[in-house]
Amino acid sequence: MYTGIILSLDFIYRIFAVTYASVPLATIQTPNHAPHIKFIEPFEKTFHNWNEQVHYSVEISDQEDGESKFQEIPSAEVLVKLKYEENQAKASIYLKQKIIADSVGIYSMLISNCFNCHAVKMKLAGPSYLDISNRYQNTRENQDLLINHIHYGSRGIWGNEAMPTHPELQDSVVRKMVRWILNYSKDPGLNYVIGLQGTLPLTKPAVTTHQGLFIIEAFYTDHGSVDQHENKLTGSARMIIQMK
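Rules used throughout
Residues numbered from 1 in each chain as written. Predicted model: local features only at pLDDT ≥ 70, side-chain atom pairs only at ≥ 80, totals over all residues. Heavy atoms only, no water. Helix = DSSP H or I, 4+ residues; strand = E, 2+ residues; numbered from the N terminus. Buried < 20%, exposed > 50% of the residue type's maximum accessible area, 1.4 Å probe, protein only. Contact = heavy atoms within 4.5 Å. Expected span 1.5 Å × (residues − 1). Core = buried A, V, L, I, M, F, W, Y, C linked by side-chain atoms within 4.5 Å. Pairing = 2+ DSSP bridges. Salt bridge = Lys/Arg side-chain N within 4 Å of Asp/Glu carboxyl O.

Colleague: Mind laying out the environment of M177, listing which residues take part and the relevant values?
Modeller: For M177, the location among the structural elements is in helix α6 (residues 171–184). The class of M177 is buried, set by a relative accessible area of 1%. In sequence terms M177 and G105 are 72 residues apart; their C-alpha atoms lie 4.5 Å from each other. In this structure, M177 is in contact with G105, S108, M109, S112, C114 and L169, ignoring residues within four places of it in sequence.

Colleague: For α6, give the residues involved together with the corresponding values.
Modeller: Over its 14 residues, α6 extends 20 Å from the first C-alpha to the last, a length consistent with the 20 Å expected when each residue adds 1.5 Å. Taken as a whole, α6 has its buried residues at V174, R175, M177, V178, W180, I181 and L182. Of the surrounding elements, those touching the buried residues of α6 are α3 (106–111), α4 (129–135), α5 (140–152) and β8 (190–194).

Colleague: Outline the nonpolar core, supporting the account with residue identities and numerical values.
Modeller: In terms of nonpolar packing, the biggest core is built from 24 residues, with V58, V78, V80, F214 and I216 touching the most fellow members. Those elements giving two or more residues to this core turn out to be β1 (36–41), β3 (53–62), β5 (78–85), β10 (213–221) and β11 (234–243). For I216, the residues in contact, after removing those within four places along its chain, are F39, P42, V80, K81, L82, L200, A237, R238, M239 and I241. If you look at the next biggest cluster of nonpolar residues, it comprises 23 residues, including L79, V120, Y192 and F219.

Colleague: I'd like a rundown of the pairing of β5, residues and numbers included.
Modeller: Across the 8 residues of β5, 8 count as buried, placing the element largely inside the fold. Here β5 shows two buried faces, one formed by V78, V80, L82 and Y84 and the other by L79, K81, K83 and E85. Pairing between β5 and β10: 8 bridges, direction antiparallel. For V78, the partnering residue across the bridge sits in β10 and is Y220.

Colleague: Can you break down the environment of D171 residue by residue, with the values?
Modeller: As for its position among the elements, D171 is in helix α6. Along the primary structure D171 and I147 are separated by 24 residues, whereas in three dimensions their C-alpha atoms are 7.5 Å apart.

Colleague: Requested: an account of the pattern of salt bridges, with residues and values cited.
Modeller: Here the structure, examined in full by the defined rule, presents 7 salt bridges. Residue D144 pairs with R140 through a salt bridge whose shortest N-O separation is 3.8 Å. In this pair, D144 and R140 both sit in helix α5, 4 residues apart, roughly one turn of the helix. Under the relative-accessibility criterion, R140 is labelled exposed at 51%.

Colleague: Please provide a residue-by-residue account of unusual backbone geometry, values included.
Modeller: Put simply, E41 and P42 share a cis peptide bond, and its omega is 0°. The phi torsion at N51 lies on the positive side, around 65°, for a residue other than glycine. With respect to the element layout, N51 can be found in the loop between β2 (47–48) and β3. Phi is positive for Q71, which is not a glycine, with a value near 60°. Mapped onto the elements, Q71 comes out in the loop between β4 (66–67) and β5. For Q71, a relative accessible area of 67% corresponds to the exposed category.

Written out as structure tokens, the structure is:
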């Protein structure tokens, strides 16, 4: 009798073993969470003077990447946008947009470290994007020329500075960068700076006599989760400062 019981239990065990072995194990992936960004300064809806240099500071918290206050968020990966609008009505229209036209190209430039040598309105090691757009009209021929400079480098065009090569960048990505430079860097009410903190130049656009206001936006794209590096999420924060 005992032998029969043992055989029966062994038979049941084999059935369960075969059944569970045929069921694929579910892959549990670690979720990614969007970064949280907030402005520490300047204060919301404060009034400032034209051509004033306003200090800004943002704080970023990301469940996977860490905390900016503990130096766990790379400052060079934080993009801060300054956008001028003539009045509150136009600012409201802008803030309701889900897709911002000038965002195409600028993020590729950020992650490609273009801002290490270039700024939008001021000269760094290389010429500003404004200087480049003033020299080159937005034509297909000039786009191809600048794409060639980015891919293969250049020397002697802007003095003694040499443009390093960037063979790792895809042609389609570089074209987006070049189109951004030639399309948007001349906009007198648009500027970008990099970093968790810095200064924002409240330059008055020559085309307006209104008091107006500036929309400040901070963006940070995280690095994904442990097992989903490509699943990156972008967090943002916005605030408005008024002009006197």
